[in-house]
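# Structural description and commentary
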Amino acid sequence: MRWFMVDRAASKWVILAIVLASGCERKPVQLEPTPPPTVTISQPLEREVSNENLFTGHTEAIRSVDVHAKVSGFIDQVGFKDGDIVKEGDLLFQIDPRPFDADVARDEAALAAAKARAKRAVADLARAKELIKGKTITQEQFDQTFATEAEAAAAVKQAEASLTTSKLDREYSTITAAVGGRLSRAIITKGNFVFGGASNATLLTTIVPIDPIYAYFDVDEAIYLRVARRARDPDSPPPTVEMQLGNETGYPHRGRIDFIDNKADPDTGTIRVRAEFPNADGVITPGLFVKVRVRSPEKRSALLVTDRAVGMDQNRKFVLVVGADNKVEYREVITGPLIDGLRAVEKGLKPDDWVIINGLQRARPGAPVEPTKVAMPLPPDAEEKPTMETASAD
């Protein structure tokens, strides 16, 4: 029995030794090296472009006209729909003209009577002149006849003035557009009473001309001085001014600078500038926030890359460049605005650099990559523009 127990214990040790021996003979697993990440690289495009500056502004109408009632009465007709575009002279409101027609008829009758009295007074004066020669009438009677003729002539003028006023009131009862433009809503509708006059005249609606339209924006001191210096040169062409609405790409609206304020704001160091833009279709309405691009005629060379190649590192911008040994280099850059969908790089890049345009998240500075070279991709609307007319930052 004891032999069996000893032999059983020995067998356990033998089994354990065999297991350990077999484990020591297992070969370690060999891991294959990770291949470098694949990226797409392109060289920047070098183009001749103009200096440009971008501003944020807002649109305003060239003027605003409040339509008031000039005479009192009940509104008999409203000749427009809210928001209509009208031309100068179009009917807006009609005040009931019947009281004014009656005033005109009364004053016409009063004028006719005054003219009849004046005609009789002229005849009486003519007779009195003959009678005074023969001393048939006294000097006092002649003087009275003379005064009566003068009073009759004055009464004619008074009646004529009253008739003119009546006709004006009748004309004012028909309210037309003083200027062409877009109407606001009708504040007073048909059947309501309105007051005329200079102090308490009822406001009926508002007209704002829409063609042309203004865009106001603020420029800093350095840009203003540069533009002002160029403006003093008679041989220097004026800058190009273009505008973009919130739902537009590019700058499809072209205008001109027509006003620069007479002083700068000392708190902000800027000066207000106004540009005028045609607006024949009325799409641009007052009060819109817009982007304004001012380009100078001078040309210079600029490097352009697709915008997705530019990364942000806190408040700095950078691109990743692949060197000759396929290792990634970090380049801090100073960028300008978008030019036909491509980003202008002002500093930090050379024309022969190969910039990573795809795979930026997989690349690490100092690490190797597997690059594929392609041409710098152009936006669809820029592929047919081999030469650029737009500008880069100044």
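So, here's what we can say about the structure.

Criteria and thresholds
- Residues numbered from 1 in each chain as written.
- Predicted model: local features only at pLDDT ≥ 70, side-chain atom pairs only at ≥ 80, totals over all residues.
- Heavy atoms only, no water.
- 1 Å grid on protein atoms, 1.4 Å probe; cavity = no way out; pocket = protein on both sides within 12 Å on 5 of 7 lines; lining within 4 Å.
- Points joined across faces, edges and corners; volume = space filled by probe spheres on them.
- Helix = DSSP H or I, 4+ residues; strand = E, 2+ residues; numbered from the N terminus.
- Nonpolar A, V, L, I, M, F, W, Y, C, P; charged D, E, K, R; others polar.
- Pairing = 2+ DSSP bridges.
- Axes fitted to C-alpha atoms, helices over the stretch in contact; angles between N-to-C directions.
- Parallel < 35°, antiparallel > 145°, perpendicular 65-115°, else oblique.
- Left-handed = near helix turned anticlockwise from the far one by under 90°.
- Phe/Tyr/Trp six-rings, centres within 6.5 Å; stacked < 30°, edge-to-face > 60°.
- Buried < 20%, exposed > 50% of the residue type's maximum accessible area, 1.4 Å probe, protein only.

Overall, the coordinates contain 2 cavities of 30 Å³ or more when judged by the stated rule. Here the largest cavity is characterised by a volume of approximately 100 Å³. Taken together, 12 residues make up the lining of the largest cavity; nearest its centre are Asn 53, Arg 226, Arg 230, Val 294 and Ser 296. Within the residue set of the lining of the largest cavity, elements represented by two or more residues are strand 2 (45-61), helix 4 (221-231) and strand 15 (289-306). Here the lining of the largest cavity gets 4 residues from one element, more than from any other, and that element is helix 4. Per-class residue counts for the lining of the largest cavity are 4 nonpolar, 3 polar and 5 charged. Looking at the second largest cavity, its volume works out to about 80 Å³. Forming the walls of the second largest cavity are Phe 55, Phe 217, Val 219, Ile 223, Tyr 224, Val 227, Ile 257, Ile 260, Val 273 and Val 294.

If you walk across this open sheet you meet the 4 strands as 3-10-8-5, and the pairing is antiparallel. Two strands in the sheet have a free side with no partner beyond their single neighbour: strand 3 (65-68) and strand 5 (85-86). Bridge analysis of strand 8 (residues 181-183) against strand 10 (residues 203-208) gives 2 bridges, and the strand direction is antiparallel. Across the sheet, Arg 182 pairs through a bridge with Val 208, a residue of strand 10.

It is worth spelling out unusual backbone geometry at this point. For the bond from Asp 211 to Pro 212, the omega torsion is 0°, close enough to zero to count as cis. Locating Pro 212 in the fold gives a position in the loop between strand 10 and strand 11 (213-220).

This paragraph deals with the packing of helix 2 (residues 98-133) against helix 3 (residues 139-172). In helix packing, the relevant descriptors are the interaxial angle and the interaxial distance, both defined with respect to the helix axes. At their nearest, the axes of helix 2 and helix 3 sit 8 Å apart, and the two run at 160° to each other. When the interaxial angle is binned, helix 2 and helix 3 end up roughly antiparallel. By crossing handedness, the relation of helix 2 to helix 3 is classed as left-handed. Taken together, the residues of the contact of helix 2 with helix 3 sort by class into 19 nonpolar, 5 polar and 13 charged.

Take the packing of aromatic side chains next. What characterises a pair of aromatic rings is the spacing of the ring centres plus the angle enclosed by the ring planes. For the coordinates displayed, the defined rule picks out 6 aromatic pairs. Ring geometry for Tyr 214 versus Tyr 216: centroids 6.2 Å apart, planes at 80°, classification edge-to-face. Note on accessibility: Tyr 214 and Tyr 216 belong to one class, buried. Ring geometry for Phe 318 versus Tyr 330: centroids 5.0 Å apart, planes at 20°, classification stacked. Of the two residues, Phe 318 sits in strand 17 (residues 316-322) while Tyr 330 sits in strand 18 (residues 328-339), which places them 12 residues apart along the sequence. Given a relative accessible area of 12%, Phe 318 falls into the buried group.

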